[in-house]
Amino acid sequence: MSSALPPRVRIVEVGPRDGLQNSPSRLTTDVKIAFVDALSEAGLTDVEVTSFVRPDRVPQLADASEVMGGITRNPGVRHWALVPNAKGLAGAIESGVTNVAVFTAATDGFNRANVNASVEESLARLKPVIRDAKDAGLRVRGYVSTVFGCPYDGEVEPVAGARVSRTLMDAGADEISLGDTIGVAAPGDVDAVLDAHESMGVSRDAIGLHLHDTRGTALANVYAGLQRGIAVFDSSAGGLGGCPFAPGATGNLATEDLVYFLGRLGIECDVSLAKVAEASGAVGAEIGRPLPSRARAAWEASTR
Ligand code: HMG
Ligand code: MG
């Protein structure tokens, strides 16, 4: 293993939220609960369970409270929920959530489609949400979408995302996740975005990468991030996923692909590829569509 790479990576599993929010078939609450629990049992220390957003905008996750209420709480696992505003935070706290992710974007076009607000408006809305969450003792993650490109506004200057990250950190966020929402980035873009964050004083220790594999570049971008010392990556079991408000956004980087890749690099993550593949397989069978993960397909072939 190259000594320049981090020895250990923390994976934030977003399958139950990002993976299912755009699903063509509606899954039962019990299937979702079983999915979350199976992912926790696979060794994942961070699982994003659901979102407390408008149920008419994301009906797939309208049972957020029920899912949160049904999962097995495990002291070794941080269960996360996405919250867009004060109402979402209140719902999350009522459901016993202790880790919340707020979200905004680098670009106005996507942000308006996603949360009905410009970037500035959404940051103004999120500042008190972050403060209230911190006052309530919660851990807060801040997503910045469209850092590498926007389905509405096109190319994005690296500094645009860095400014938003800086604002979220100044507002009290514990960590930032930089979203390649429509999967357009290549390694040079990762470098440019991380350079911009460095120049804005956002510590690499606070940064995670949230990659979508739309064009097959996600693992190359993981490697670029690793070379810069990034040690937090978001991924989705099976490669499920996509944002309903980002045309063309397909699956997230698959957890199985990431786990395989890290293993070959000698980087610890303590996640069982087989158990993740079993968990995603159960959900894939419910959805009735093949899962995009390549490492999962290879695992499945090897078990036949
Ligand atoms: P809005 O319409 O601007 O909100 O929605 P509003 O404050 O004007 O309220 C309008 C109505 O919505 C009111 O109800 C509110 O009570 C209700 P009424 O009085 O008319 O009956 N409302 C809510 N209901 C339930 N839960 C709430 C809530 N808030 C207001 N939290 C809002 C603004 C952001 C809420 C809306 O646009 C929304 O829910 N959008 C969905 C956004 C979403 O979930 N997107 C997908 C996740 S982001 C993503 O996937 C990207 C990411 O993966 C990273 C990446 O890949 O880049 C994270
Ligand atoms: Mg996403």
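Computed from a predicted model, the values in this text were never measured in an experiment. (Residues numbered from 1 in each chain as written. Chains lettered and ligands numbered in written order. Predicted model: local features only at pLDDT ≥ 70, side-chain atom pairs only at ≥ 80, totals over all residues. Heavy atoms only, no water.)

Peer 1: Could you give an account of the site of ligand 1, naming the residues involved and the relevant values?
Peer 2: As a structural note, the neighbourhood of ligand 1 is formed by 26 residues, with Q21, R54, N114, S145 and T181 the closest of them. Side-chain polar atom of Q21 to an oxygen atom of ligand 1: 2.8 Å apart, as the coordinates give it. One nitrogen or oxygen atom from the main chain of F52 is found 3.0 Å from a nitrogen atom belonging to ligand 1. Burial of ligand 1 by the surrounding chains reaches 74%, relative to a free accessible area of 1100 Å². The set of elements that each furnish at least two residues to the shell around ligand 1 consists of helix 1 (15-19), helix 4 (86-94), helix 5 (108-115) and strand 5 (139-145). Split into classes, the residues belonging to the shell around ligand 1 amount to eleven nonpolar, ten polar and five charged. (Near = heavy atom within 4 Å. Polar contact = N/O pair within 3.5 Å; in protein donor to acceptor, adjacent residues only side chain to side chain. Areas by Shrake-Rupley, 256 points an atom, 1.4 Å probe, with all protein chains shown as cover. Helix = DSSP H or I, 4+ residues; strand = E, 2+ residues; numbered from the N terminus. Nonpolar A, V, L, I, M, F, W, Y, C, P; charged D, E, K, R; others polar.)

Peer 1: How would you explain the side chain of S122 if you had to name every residue and give the values?
Peer 2: Mapped onto the secondary structure, S122 falls in helix 6 (residues 119-135). In this structure S122 touches T104, N111, V115 and A117, once residues within four positions along its chain are discounted. (Contact = heavy atoms within 4.5 Å.)

Peer 1: Lay out the pattern of salt bridges with the relevant residues and their values.
Peer 2: Using the criterion set out here, one finds 19 salt bridges in the structure. Salt-bridge contacts for R54 lead to D56; the nearest nitrogen and oxygen are separated by 2.5 Å. Across the pair, exposure class does not vary: R54 and D56 are exposed alike. Note that D191 and R228 form a salt bridge whose closest N and O atoms lie 2.9 Å from each other. Placement of D191 in helix 8 (residues 187-199) and of R228 in the loop between helix 9 (218-227) and strand 8 (232-235) is noted, with a sequence separation of 37 residues between them. When its relative accessible area of 31% is taken as the criterion, D191 is described as partly exposed. Each of R10, D46, R78, R139, R141, E175 and D234 takes part in a single network of salt bridges with overlapping partners. (Salt bridge = Lys/Arg side-chain N within 4 Å of Asp/Glu carboxyl O. Buried < 20%, exposed > 50% of the residue type's maximum accessible area, 1.4 Å probe, protein only.)

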